[in-house]
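# Remarks on the overall topology
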Amino acid sequence: MIKNIKRTAAIFGAVALTSSALVACGGDNGNGGGGDEKDPSQIEGLSGQSGQLVAEGATSQADAMNEVFGLRYQEAVEGATLAYNGTGSGQGVKNFTAGQVAFAGSDSPLKDEEVEPAKQRCNGNEAWHLPMVIGPVAIAYNLEGQDINLTIDNLVDIFKGDIKKWNDSKIADANPDASLPDKDIKVIYRAEESGTSDNFQKFLKAASNGRWDSTGKSFPKAVGAGANKSTGVVKEVEKIDGAITYVEVGAAQASGLQIANIDFGAGPVELNKDSVVKALDNLEFKEGHNEHDLVVDSEALFKQNGEGAYPLILTTYEIVCSAGYDEATGKQVKDFLKVALESQNQTLEDVGYIPVEGKHLERLKAAVDALA
């Protein structure tokens, strides 16, 4: 179980580093992901197209883009740079379909009304969704000396306000060996509209078979107190004994907050790389798309209850043209994506993401190879 930041750092590799420290990289272990990084000059299949590649979108992946992938791309391709502007998923998609950026980062797939404009932007070709950046959501809390397991029902009851004390019998049932304190549970949620709130509520609704009935980017205000952005909710939980929140793992990891183990139905699961990769291996995708257009079936993801899998994750897409770019831009996009897939390593963990490997990495590589 994760007792404190030292344990969390051991699991994820290290506490978040500054971007200057992220430039260092090790040797290749030959597995193409999840281990030491390749020398960028040894990445195979790059065109070497120079120039600035402009992209925009989800803030959830901005650190991965700017502190890991962009630096590696610059090292791998002489004269090439990435300019990624984290303005939010909606703005990224808008500017992609308008032809103002080469690709969009988005926490959600294209809406039905966005599919045709994206196809027009791609000169009559499909836009594909590549879920490349994986950000787990942690249930972070402040309860000194306590390693806590929480079931799905516990989470629903806590965030609805039906469970008010840490020593409630329903939490005690999930923690038979713990001596739980008689302390109030104080819920902290995102005050502003947030993709994390949207993701967490979709998870609660799917995993609880509808016991959680709210959806959307705004979290219900009936219980607890709100704080702005990930940094805000973390700071509030740090200050309040007994507080709990949902937050990106990188923010929880850097703060020193404890992270709950979640029982999705087959026993408590610790949030770490192995448990997330197991959930990724079991991803299902929406029907009616090209085999390389990887639109995740989020309901199926959030209903996963296999042993040792942690499915409470945000899959952020790179939305790209399958074909139809001008020659230089097409080469840039493909080079960048190849570099990103060879950068699924420790530096990505250091800024709060889970490197993809195994089946999911192979799916993504096949899709990038298929880009025209």
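In the annotation of an unreviewed UniProt entry, the protein chain is listed under the name Phosphate-binding protein and assigned to Corynebacterium aquatimens. Taken directly from UniProt, the Sequence similarities (unreviewed entry) text for the protein chain runs: "Belongs to the PstS family."

When helices and strands are tallied, the protein chain shows 14 helices and twelve strands. Taking all 372 residues of the protein chain together, 53% fall into the buried category. Of the contacts made within the protein chain by residues no fewer than 6 positions apart, 76% connect residues no fewer than 24 positions apart. About 15,100 Å² of surface is accessible on the protein chain, with carbon and sulfur atoms providing 43% of the total.

What follows concerns the sheet that holds strand β11 (residues 268–269). An order of β5-β10-β11 is seen for the three strands of this open sheet, with the pairing classed as mixed. One side of each edge strand has no neighbouring strand; the edge strands of this open sheet are β5 (149–151) and β11. Strand direction decides the pairing type here: strand β10 (residues 261–263) and β11, joined by two bridges, are antiparallel. In the strand pairing of β11, Asp-263 is matched with Pro-268.

Turning to the environment of Ala-58, a few remarks are in order. By the element assignment, Ala-58 lies in the loop between β1 (51–57) and α2 (62–76). C-alpha of Ala-58 to C-alpha of Asn-85: the two residues are 27 residues apart in sequence and 8.5 Å apart in space. Every residue in contact with Ala-58, bar those within four places of it in the chain, is listed here: Tyr-84, Gly-86, Gly-88, Ser-89, Gly-105, Ser-106, Asp-107 and Thr-316.

With that settled, the discussion passes to the pattern of salt bridges. One pass over the structure, following the stated rule, counts 15 salt bridges. The closest approach of N and O atoms between Lys-202 and Asp-198, which form a salt bridge, is 3.5 Å. Of the two residues, Lys-202 and Asp-198 are both situated in helix α7 (residues 195–207); the distance of four residues between them amounts to about one turn of the helix. Since its relative accessible area comes to 35%, Lys-202 is described here as partly exposed. We note a salt bridge from Glu-342 to Lys-365, for which the minimum N-O separation is 3.8 Å. With a gap of 23 residues between them, Glu-342 in the loop between α12 (327–341) and α13 (346–350) and Lys-365 in helix α14 (residues 358–370) connect regions that are remote in the sequence. Accessibility expressed as a relative area gives 12% for Glu-342, which makes it buried.

For an α-helix the count is 3.6 residues per turn, leaving residues at separations of three or four pointing the same way. Counted residue by residue, helix α5 (residues 152–160) has seven buried out of nine residues, so it is predominantly covered. Residues Ile-152, Asn-154, Leu-155, Val-156, Asp-157, Ile-158 and Phe-159 constitute the buried set of α5.

This part is about the layout of surface pockets. Each pocket or cavity is described by its volume, and for the second largest pocket that value is around 250 Å³. Surrounding the second largest pocket, 15 residues form its lining, Val-115, Ala-127, His-129, His-289 and Asp-293 being those nearest its centre. Looking at the lining of the second largest pocket, the elements that each hand over two or more residues are α4 (112–121) and β4 (127–141). Per-element tally for the lining of the second largest pocket: the top contributor is α4, with four residues. Within the lining of the second largest pocket, the residues separate by chemical class into six nonpolar, four polar and five charged.

Residues Phe-96, Phe-103, Ile-139, Leu-150, Phe-159 and Ile-244 are the most contacted members of the largest nonpolar core, which totals 108 residues. In this view, Leu-150 contacts Ile-139, Leu-155, Ile-158, Ile-171, Ile-244, Ala-260, Asn-261, Ile-262 and Asp-263; residues no more than four positions away in its chain are not counted.

Topologically, Ser-275 is positioned in helix α10 (residues 273–281). When sequence neighbours within four positions are dropped, the list of residues in contact with Ser-275 reads Val-269, Glu-270, Gly-308, Ala-309 and Tyr-310.

Right, let's get into the side chain of Gln-61. Mapped onto the elements of the fold, Gln-61 is located in the loop between β1 and α2. Gln-61 gets classed as buried once you look at its relative accessible area, which sits at 0%. In contact with Gln-61, other than residues within four places in its own chain, are Tyr-84, Gly-105, Val-133, Thr-316, Tyr-317, Glu-318 and Tyr-353.

Cut-off values and rules
Residues numbered from 1 in each chain as written. Predicted model: local features only at pLDDT ≥ 70, side-chain atom pairs only at ≥ 80, totals over all residues. Heavy atoms only, no water. UniProt positions renumbered as here; feature names shortened; annotations may be inferred. Helix = DSSP H or I, 4+ residues; strand = E, 2+ residues; numbered from the N terminus. Buried < 20%, exposed > 50% of the residue type's maximum accessible area, 1.4 Å probe, protein only. Contact = heavy atoms within 4.5 Å. Areas by Shrake-Rupley, 256 points an atom, 1.4 Å probe, with all protein chains shown as cover. Pairing = 2+ DSSP bridges. Salt bridge = Lys/Arg side-chain N within 4 Å of Asp/Glu carboxyl O. 1 Å grid on protein atoms, 1.4 Å probe; cavity = no way out; pocket = protein on both sides within 12 Å on 5 of 7 lines; lining within 4 Å. Points joined across faces, edges and corners; volume = space filled by probe spheres on them. Nonpolar A, V, L, I, M, F, W, Y, C, P; charged D, E, K, R; others polar. Core = buried A, V, L, I, M, F, W, Y, C linked by side-chain atoms within 4.5 Å.

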